[in-house]
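Working through the structure, step by step
Now for the letters of each chain:
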Amino acid sequence: MKERIIFHIDVNNAFLSWTAVLLLHQGYHQDIRKIPSIIGGDELKRRGIVLAKSPVAKKFGIVTAETLYSARKKCPNVEVFSPNYEWYYQKSRELVKYLSKYTPIIEQFSVDECFLDMTGTNYLYKDYLALATFIKDDIKKKFGYTVNVGVANNKLCAKMASDFLKPDKVHTLFKGEIKEKLWPLPVGDLFMVGRKTALELEKMNIKTIRQLAEAPKSILIRHFKSQSVYLKEAANGIDMTPVDAHSSKNESISISETLPYDYQDGEKLEEILFRQTEEVARQLRYQKKYTQTIAVVFKNKDFKNYSAQTKLMNTTDKTEEIYKWVLKVFRGNWKQDPIRLIGVRLASLTATKEKQLSIFDNNEEEAEDDIQRTLDEINKKYGAVKIAPASLKLLGQCRTKNQYKKSE
């Protein structure tokens, strides 16, 4: 059996880097990566948060996910730029197309991350480290931004390797390097170990990945049950999951997000789903397609995946309609368990608009289509989510009172 060779490509500070590339292309007077800058939401609302920050902004103590109001208190002259998700998707597709020159087995893990299965390509590439370095440098030269590349024998270790020293680096984490490179790290650095799990481990005096790797299985099972299997294997650099190259943009459009900690607040989860719906719906319209199947995917604190979906009578590309069904699927299927990853998936895509005829139909829908296209153009020009239909905002805000009971 051939030894697996997996690359993990991770765009350094993607949203800020890609925004910088766009602004420079448009003639902006400076590279925002070299000044105090932030990619964030609406600054007029104190709820707007930092999605990405420049290295200079980081020196002021600005952190991802804090409010823009808080960030500006730390650095009054910080420049704030709205996210442009359509541009990010375009750069993401460009990156995947480029990487497909090296292997057809590519899994797009997120908008700015890809796994490449290079196993069995040794007759083409004699030195994988040299190839990784070439890919990194070529991306910088061709596209104007930097990436980290992790090289390992499985996805977990490739992902961990790419998270080592940044930016613009190539790192390895092969089987023989686990004890030297992985084990000394804090246990909270292990992939998919959230803040809550890390705190529980630290209470057990398990503070490094090595201590987790060497911890008795019986103790881990007592505290973490089924999650203990993953913890033990991951700490020892064991991961047999394949690089999944089967997901196709022609078959579905999806977005998911690993949360900074386990969420059990229904309203917060709905806010995330609201943002995700806006993104996938915009991408759907960009591809000039319609969806008939809407799904919500979950991963809970025990790393168990589950999902639920619904099939619509008519196809749609409207954000409001999609979000209405996302809420219905979410509210009907969330098990009230702590969630560490959540996402939205649109499937049954078609290039034609299919609608059941009704004697009550009128021309309002055609007018709504025109409005949606106009809003997309405005958002494309001035940054995403500047303007949205009032009905959509109300749908996201008007939840049934006491819809989610706080746990005692």
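Residues numbered from 1 in each chain as written. Predicted model: local features only at pLDDT ≥ 70, side-chain atom pairs only at ≥ 80, totals over all residues. Heavy atoms only, no water.

Things to note about the side chain of T172
Here T172 lies in strand 8 (residues 170-173). Here E177 takes part through its side chain, which lies 3.0 Å from a polar atom of the side chain of T172. Those residues in contact with T172 that sit more than four places away from it in its chain are L129, V151, A161, F164, E177 and K181. (Helix = DSSP H or I, 4+ residues; strand = E, 2+ residues; numbered from the N terminus. Polar contact = N/O pair within 3.5 Å; in protein donor to acceptor, adjacent residues only side chain to side chain. Contact = heavy atoms within 4.5 Å.)

Some remarks on helix 5 (residues 128-143)
Taking 1.5 Å per residue as the helical rise, helix 5 with its 16 residues ought to reach 22 Å, and the 22 Å between its terminal C-alpha atoms agrees with that figure. Of all the residues in helix 5, the buried ones are Y128, L131, A132, I135, K136, D138, I139 and F143. Those residues of helix 5 that are buried are in contact with strand 1 (6-11), helix 1 (14-25), helix 4 (85-99), strand 7 (147-152) and strand 8. Between a side-chain oxygen at the N-terminus of helix 5 and the backbone nitrogen of L129 the separation is 3.1 Å; the capping residue is D127. Positive phi shows up at G144, right after helix 5, with a value of about 85 degrees. (Expected span 1.5 Å × (residues − 1). Buried < 20%, exposed > 50% of the residue type's maximum accessible area, 1.4 Å probe, protein only.)

Some remarks on the packing of helix 10 (residues 217-224) against helix 11 (residues 227-235)
The N-to-C vectors of helix 10 and helix 11 enclose an angle of 135 degrees; their axes lie 8 Å apart at closest approach. The orientation of helix 10 with respect to helix 11, classified from their angle, is oblique. Seen along the crossing, helix 10 lies across helix 11 with a hand that is right-handed. Residues K217, L220, I221 and F224 of helix 10 pack against Q227, S228, L231 and K232 of helix 11. Of the residues assigned to the contact of helix 10 with helix 11, the class counts are 4 nonpolar, 2 polar and 2 charged. (Axes fitted to C-alpha atoms, helices over the stretch in contact; angles between N-to-C directions. Parallel < 35°, antiparallel > 145°, perpendicular 65-115°, else oblique. Left-handed = near helix turned anticlockwise from the far one by under 90°. Nonpolar A, V, L, I, M, F, W, Y, C, P; charged D, E, K, R; others polar.)

Remarks on the packing of aromatic side chains
A complete count under the given rule lists 18 aromatic pairs for this structure. Here the aromatic rings of Y98 and F143 are separated by 5.7 Å at their centres, their planes lie at 90 degrees, and the arrangement is edge-to-face. Within this pair, whereas Y98 is found in helix 4, its partner F143 is found in helix 5, the two being separated by 45 residues in sequence. In terms of burial, Y98 and F143 fall into one category: buried. Both rings, one in F298 and one in Y306, keep their centres 4.7 Å apart while their planes meet at 20 degrees; by these two values the pair is stacked. Grouped by ring-pair contacts, the aromatic residues F15, W18, Y85, Y88, Y98, Y102, Y125, F143 and Y145 constitute a single cluster. Cation over ring: K155 sits above F115, and NZ or CZ is 5.2 Å from the ring centre. The ring centre of Y306 lies 4.2 Å from the NZ or CZ of K335, which sits over that ring. (Phe/Tyr/Trp six-rings, centres within 6.5 Å; stacked < 30°, edge-to-face > 60°. Lys NZ or Arg CZ within 6 Å of the ring centre and 35° of its normal.)

Considering the environment of S162
Summarising the element assignment, S162 is placed in helix 6 (residues 155-162). Exposure remark for S162: the relative accessible area of 0% places this residue in the buried category. The sequence separation of S162 and A152 amounts to 10 residues, and the corresponding C-alpha distance is 9.7 Å. Apart from the residues lying within four places of it in its own chain, the contact partners of S162 are H8, D10, N148, V149 and G150.

Quick notes on the pairing of strand 1
Among the 6 residues of strand 1, 6 are classified as buried, and the element is accordingly described as predominantly covered. Here strand 1 shows no split at all, with I6, H8 and D10 on one side and F7, I9 and V11 on the other all buried. Bridging between strand 1 and strand 7 involves 6 bridges; their strand directions are antiparallel. Across the sheet, residue V11 finds its bridge partner in strand 7, namely V147. Sheet analysis places strand 1 next to strand 6 (residues 113-117), joined by 5 bridges and oriented antiparallel. (Pairing = 2+ DSSP bridges.)

Things to note about the sheet that holds strand 12 (residues 339-347)
Taken in spatial order, the 4 strands of this open sheet run 9-12-10-11, and their pairing is antiparallel. In this open sheet, the two strands that pair with only one neighbour each are strand 9 (252-263) and strand 11 (305-316). The mean inter-strand angle of the sheet, taken between neighbouring strand axes irrespective of direction, is 15 degrees. Pairing of strand 9 with strand 12 involves 8 bridges; the strand directions are antiparallel. Residue S254 lies in a different strand from strand 12, and its bridge partner there is R345. Where helix 12 (residues 266-286) meets the sheet, its contacts fall on strand 9, strand 10 (291-300), strand 11 and strand 12, and the angle it forms with strand 9 comes to roughly 155 degrees.

Details of the environment of K301
Mapped onto the elements, K301 comes out in the loop between strand 10 and strand 11. Classification of K301 as partly exposed rests on a relative accessible area of 29%. Measuring from C-alpha to C-alpha, the distance between K301 and P338 comes to 5.8 Å, with 37 residues separating the pair along the chain. Residues contacting K301, with those up to four places away along its chain left out, are Q227, D262, P338 and R340. Among the polar contacts listed, one links the side chain of K301 to the side chain of D302, at a separation of 3.5 Å.

Note that every value here comes from positions in space, so none of it alone points to a role or purpose.
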